[in-house]
Amino acid sequence: VYCRGTNCPCGNDATGPDEGCATSTGSGARLLPSGTASVAADDLVLTLDQLPLEQFGLVYLGPMPEGCAQWGDGLRGIQPGPPGSFLRLPTGNAGFTGDIVYGPGIVAQAQTLHGSAATIVAGSTWYFQGYFRDTQGGSPCGFRFNL
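Residues numbered from 1 in each chain as written. Predicted model: local features only at pLDDT ≥ 70, side-chain atom pairs only at ≥ 80, totals over all residues. Heavy atoms only, no water.

**Considering the packing of aromatic side chains**
By the definition in use, this model includes three aromatic pairs. The interplanar angle of 40° and the centroid separation of 5.9 Å between the aromatic rings of Trp-71 and Tyr-131 together place this pair among those described as tilted. Residue Trp-71 is found in strand E4 (residues 65-71), and its partner Tyr-131 is found in strand E9 (residues 127-133); the two are separated by 60 residues along the sequence. By relative accessible area, which is 21% here, Tyr-131 ends up partly exposed. Ring geometry for Trp-71 versus Phe-145: centroids 5.3 Å apart, planes at 75°, classification edge-to-face. (Phe/Tyr/Trp six-rings, centres within 6.5 Å; stacked < 30°, edge-to-face > 60°. Helix = DSSP H or I, 4+ residues; strand = E, 2+ residues; numbered from the N terminus. Buried < 20%, exposed > 50% of the residue type's maximum accessible area, 1.4 Å probe, protein only.)

**Side note on the side chain of Asp-73**
Relative to the helices and strands, Asp-73 resides in the loop between E4 and strand E5 (74-78). One buried charged side chain, Asp-73, makes no salt bridge at all; its nearest oppositely charged neighbour is Arg-144, positioned 8.8 Å away. If we skip the residues at most four places from it in the chain, Asp-73 touches Pro-9, Asn-12, Cys-21, Ser-139, Pro-140, Cys-141, Gly-142, Phe-143, Arg-144, Phe-145 and Asn-146. (Lys, Arg positive; Asp, Glu negative; His and termini not counted. Salt bridge = Lys/Arg side-chain N within 4 Å of Asp/Glu carboxyl O. Contact = heavy atoms within 4.5 Å.)

**Thoughts on the pattern of salt bridges**
For the structure on display, the rule yields two salt bridges. Asp-49 is the partner of Arg-30 in a salt bridge, and the nearest nitrogen-oxygen pair spans 2.7 Å. With Arg-30 in strand E1 (residues 30-34) and Asp-49 in strand E2 (residues 45-49), this residue pair connects regions lying 19 residues apart in the sequence. Arg-30 gets classed as partly exposed once you look at its relative accessible area, which sits at 23%. A salt bridge links Arg-76 to Glu-66; its shortest N-O distance comes to 2.5 Å. Placement of Arg-76 in strand E5 and of Glu-66 in strand E4 is noted, with a sequence separation of 10 residues between them. Owing to a relative accessible area of 19%, Glu-66 belongs among the buried residues under this scheme.

**Considering the sheet that holds strand E8 (residues 100-102)**
Strands sit in the order E1-E2-E8 across an open sheet of three strands; the sheet is antiparallel. What marks the edges here is a single partner per strand, and that holds for E1 and E8. For this sheet, the mean inter-axis angle between neighbouring strands, taken without regard to orientation, is 15°. As paired elements, E1 and E2 share five bridges and run antiparallel to each other. Bridging from a neighbouring strand, Ser-34 pairs with Val-45 of E2. (Pairing = 2+ DSSP bridges. Axes fitted to C-alpha atoms, helices over the stretch in contact; angles between N-to-C directions.)

None of the figures reported here should be taken as evidence of function without further support.
Set out below in structure tokens:
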């Protein structure tokens, strides 16, 4: 499931390709993968970019997609994991570049943080999404967070 940044909560649709719903910057954030699909190599790198500067964010993951439900200033594409919680990677700060980078080592990190609830094995499908604060400059819908 890829939430394309259309039908956003308050008309804040994406302005460019591969973006989520627009933020206070006028653009939507992106979650860009690099590396391979090999669980054994564990070389996946996820870059959450085009974030509002100096804002906190994280990547969360789960085995079940959701149909791009409106949530905050964005669209949620992943269902909460076991019992109603999101499996999160550590919080980062977008700093002066507007980027937060995760990996390599996401497979091992997810299992270390969440145990058997986040066991990523060959042949399984997992979904990733970025979540971040948007508190400076006024978020488009006023929720002060986006995806």
